[in-house]
Amino acid sequence: MGKNNKTPEQKQYEKLEQQHETKRPVLKNCIKAFFVGGTICAIGQAVSYFYIYFFNFTEQTASNPTVATMIFFSMLLTGFGVYDRLGQFAGAGSAVPVTGFGNSVISAAIEHRTEGFVLGVGGNMFKLAGSVILFGVFSAFVVALIKTIVIQWFGGGFQ
Amino acid sequence: MIVGKASWFFENEPVIIATGVTGGPFEKNGKLAEDFDLLYDDLWMGEDSYEKAHRLLIDEACRIALEKAELTKEQVNFMIAGDLINQITPTSFAARSLAVPYFGIFGACSTSMEGLALASFLINGDGADYIVTGSASHNAAAERQFRYPTEYGGQKPPTAQWTVTGAGYAIIAKQNEKYSEKPKITAATIGKVIDMGLSDPFNMGGAMAPAAADTIETHFEETGRNHEYYDLIVTGDLGKIGRATVLDLLHSKGIHIPEEKFLDCGLMLYKEEQPVQAGASGAASSATVIYGHLLKQMNYGFYKKILCVATGALLSPMTVQQKETIPCIAHAVSIEKNS
């Protein structure tokens, strides 16, 4: 049965059931997400400064090693079984930064190790992250296309 | 003997002669740890996949049950069991090593009572001497099949439930003098599939509540019993939300079960501080609590007559993604003990 063609009886039940449903604590979740997400980003910023001050990186080029380092941290935390607990506490706070993306790839890789390296790890690693990559690349393409068209039409007047 | 449309009275009173209950690490820290026969310290249980660990839980539960009943597997006529994993492979693989003629059944989390009702019917009608029946689930194996990888950091809403790692198996036999003190099965009501239009897989208690209410109502109607007949009515894995909703639904139908007489296995297994959101769920929730905890309580004399209503959500990850609503089912079995 589809979601959108409910009988009156079903609608009535839905109302009754909702009275008992525990509501998501949205405000509390937002505050937790803000602070945990902020902390992760602050750590990322510190790592970025570390590469700028101790190695030969500039503010533009430091982002690559920073992302790699943050994903490495995320990998350790995922492997030791900490990141999923952090995720339950922080919600979007730990899912949105790049560490959350790393966690989705790494957790799938660990999970499917029992089905072998090729069909297990290889075939399932991007099960969750695959759509992020697909739509990330696609939306970048669309934005770039719009930019190109605008520049062509208006002769670079916006530059 | 059939009464009404969907209920059976078992006039020969088949008995539960022994049970075997196994569990995982989370259950070990839970409220009912001492009611388990065997508890494992980690989810792998020395196996190299969660599915193999799942099979081991069933293997061991059957072994313990047979040992307690002082039976060999050659004496058992049939095995009627199931679990939640695709094609119920853990149970079928356990049946392979047990080498007993086997009915594999799937009723999601209602499998335990589906199996018990069928086993009792077969024994009652002289179709078998001994039947082993039960159900099992494994938290990580279920999690990876129905939701996300175990280590994925997604946030679960407060309506979500925690899949029990465990297996609960019982051996059902014909009534005779030797077993007159054992708990007997007197009636069962088979539920129909009910879909009240909920589609959130993170709120299964809410989806399953109407099925439980319907089966309880049918049971009372067809058997002529009412809630006063029972000391306890226990549901399988409705959790906080489902339990409150069922009480409400029954109330509106004129069945006023006192709240203290209406328990839910999903709310009995774990301690308050364990992070299980709305409660426990999974095929092992009802099986471990009923076969482990409640039968013990009956032996101690706390309860004489209980009605066990196991509820199941008949969804798959694919139907969820295809935006289908969740059809649910509930089966009721009445277990009694001579005083």
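Source: prediction; values computed, not measured. (Residues numbered from 1 in each chain as written. Chains lettered and ligands numbered in written order. Predicted model: local features only at pLDDT ≥ 70, side-chain atom pairs only at ≥ 80, totals over all residues. Heavy atoms only, no water.)

Draft legend 1. How the structure looks around the overall build of chain A. Looking only at helices and strands, chain A has eight helices and zero strands in total. Starting at the N terminus and ending at the C terminus, chain A contains elements arranged as α-α-α-α-α-α-α-α. Each of the three principal axes of chain A carries a C-alpha extent, and together these read 65 × 50 × 40 Å. The burial tally for chain A puts 28% of its 159 residues in the buried class. (Helix = DSSP H or I, 4+ residues; strand = E, 2+ residues; numbered from the N terminus. Buried < 20%, exposed > 50% of the residue type's maximum accessible area, 1.4 Å probe, protein only.)

Draft legend 2. Structural detail: the domain arrangement of chain B. Residue and element names in this part refer to chain B. Taken domain by domain, chain B comprises domain 1 (2-173) and domain 2 (185-336). Averaged C-alpha coordinates put domain 1 and domain 2 at centres separated by 17 Å. Listed per partner, the contact involves 58 residues of domain 1 and 59 residues of domain 2. Here domain 1 meets domain 2 over a buried area of about 4800 Å², counting both sides, of which 63% is carbon and sulfur. The largest share of the area that domain 1 buries against domain 2 comes from C109, M113 and Q161, three residues that together contribute 15% of it. Where domain 1 meets domain 2, there are one salt bridge. The partner of K296 in a salt bridge is D35, and the shortest N-O contact between them spans 3.7 Å. (Domains from an automatic or database assignment. Contact = heavy atoms within 4.5 Å. Buried area = accessible area lost by both parts, 1.4 Å probe. Salt bridge = Lys/Arg side-chain N within 4 Å of Asp/Glu carboxyl O.)

Draft legend 3. Molecular detail of the domain arrangement of chain A. Residue and element names in this part refer to chain A. As assigned here, chain A comprises domain 1 (28-128) and domain 2 (129-159). Here domain 1 and domain 2 have C-alpha centroids that lie 27 Å from each other. Counting residues at the interface gives six residues for domain 1, matched by five residues for domain 2. For the pair domain 1 and domain 2, the summed buried surface comes to about 370 Å²; carbon and sulfur atoms form 65% of the total. Sorting the residues of domain 1 by area buried against domain 2 places F101, F126 and L128 first, and these three jointly supply 92% of that buried surface. Scanning the region where domain 1 abuts domain 2 turns up zero salt bridges.

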